[in-house]
Amino acid sequence: MVTAAFNVSAAPIHSAATSPAKLSHKAPSGLENSNAIEECSIAARYWARSMRQNDLAGCEVAAFENALRQGLLQRCCGHWYPNEPVRGSGHRSIINDFTTDPVLVAAAEAVRIGGIGSRLPRAVMWLNPASVKVKLEGHPYADNVYSGEASSSSSSSDDEDL
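Residues numbered from 1 in each chain as written. Predicted model: local features only at pLDDT ≥ 70, side-chain atom pairs only at ≥ 80, totals over all residues. Heavy atoms only, no water.

Another point: the pairing of strand E5 (residues 143–147). Two strands pair when backbone bridges link them, and strand E4 (residues 131–136) and E5 are joined in this way by 4 bridges, in the antiparallel orientation. Looking across to E5, one finds that valine 134 is bridged to aspartate 143. Connecting the antiparallel pair E4 and E5 is a turn made up of 6 residues, with glycine 138 showing a positive phi of about 85°. (Pairing = 2+ DSSP bridges. Helix = DSSP H or I, 4+ residues; strand = E, 2+ residues; numbered from the N terminus.)

It is worth spelling out helix H4 (residues 102–110) at this point. Note on helix geometry: an α-helix contains 3.6 residues per turn, so any two residues three or four positions apart are oriented the same way. Taken residue by residue, H4 has Val103, Leu104, Ala107 and Ala108 as its buried positions. Looking straight down H4, one finds that the buried residues subtend no more than 130° of arc, so they occupy a single side. Opposite the buried face of H4, by more than 90 degrees, sit the exposed residues Pro102, Glu109 and Ala110. If you follow the buried residues of H4, they end up packed against helix H1 (36–50), helix H2 (58–76), strand E2 (94–96) and helix H5 (116–119). Among the residues of H4, the N-terminal cap falls to aspartate 101, whose side-chain oxygen and the backbone nitrogen of valine 103 are separated by 3.0 Å. With its phi angle positive at about 60°, arginine 112 sits one or two positions after the end of H4. (Buried < 20%, exposed > 50% of the residue type's maximum accessible area, 1.4 Å probe, protein only. Arc of directions from axis to C-beta. Contact = heavy atoms within 4.5 Å. Polar contact = N/O pair within 3.5 Å; in protein donor to acceptor, adjacent residues only side chain to side chain.)

Turning next to the pairing of strand E3 (residues 123–128). For E3, the tally of buried residues reaches 5 of 6 residues, placing the bulk of the element in the interior. Of the pairings in the sheet, the one linking E2 to E3 comprises 3 bridges and is antiparallel in character. Bridged to isoleucine 95 within E3 is valine 124. Across 6 bridges, E3 lies against E4 in antiparallel orientation. Bridge pairing in E4 places tryptophan 126 opposite lysine 133. Two successive antiparallel strands, E3 and E4, enclose a turn made up of 2 residues, where alanine 130 displays a positive phi of approximately 65°.

With that out of the way, let us pick up the confidence of the model for the protein. Per-chain confidence: the protein averages 79 in pLDDT, with 70% of residues scoring 70 or above. The lowest-confidence element of the protein is strand E1 (residues 3–4), averaging 38 in pLDDT; the highest-confidence one is H4, averaging 98. Residue range residues 27–33 is modelled with pLDDT below 50. Its contacts to residues more than four positions away, or to other chains, number 12 contacts. (pLDDT = per-residue confidence, 0-100.)

Moving on to the nonpolar core. Counting 34 residues, the largest nonpolar core has Trp47, Phe64, Leu68, Leu72 and Leu127 as its most contacted members. Put simply, the parts of the chain that give this core at least two residues each are H1, H2, H4, E3, E4 and E5. Among the elements that make up this core, the one with the highest residue count is H1 (8 residues). Here phenylalanine 64 is in contact with Trp47, Ala48, Met51, Leu104, Ala107, Ala108, Val111, Ile113 and Ile116, once residues within four sequence places are set aside. (Core = buried A, V, L, I, M, F, W, Y, C linked by side-chain atoms within 4.5 Å.)

The following block contains the structure:
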């Protein structure tokens, strides 16, 4: 079962000003057989929707989300272990605290959005197979943004019970 713990509409991420051809969901080689695409998409959507947007057009926010998704997929490439979800977690984490994570900065620069660190909440995000969690500054616990079926979960066979 897939759950999303943040209130975000399921509206399409592109508008008339952003052509669907530019919004590629293609994963880098090495991630084709994993579910990293879903987790990276959810993480990118979370940051885009959490961004202070009062002076941005919808197409700029969508372009940031797409650029961030692509950057996250690149970051996860070679560091995604569905059978060991916590392995590589530090590498895949995204931070906006005293420093702004390079993947957030690169996505913002790619679409010419300035001051990205101050537009986003101060938080740490953990991007793991079947799990995306965010700990916001000042909150004692991490919030579950996404929890899905782990592809690593061993299928318990009925034969074991016989």
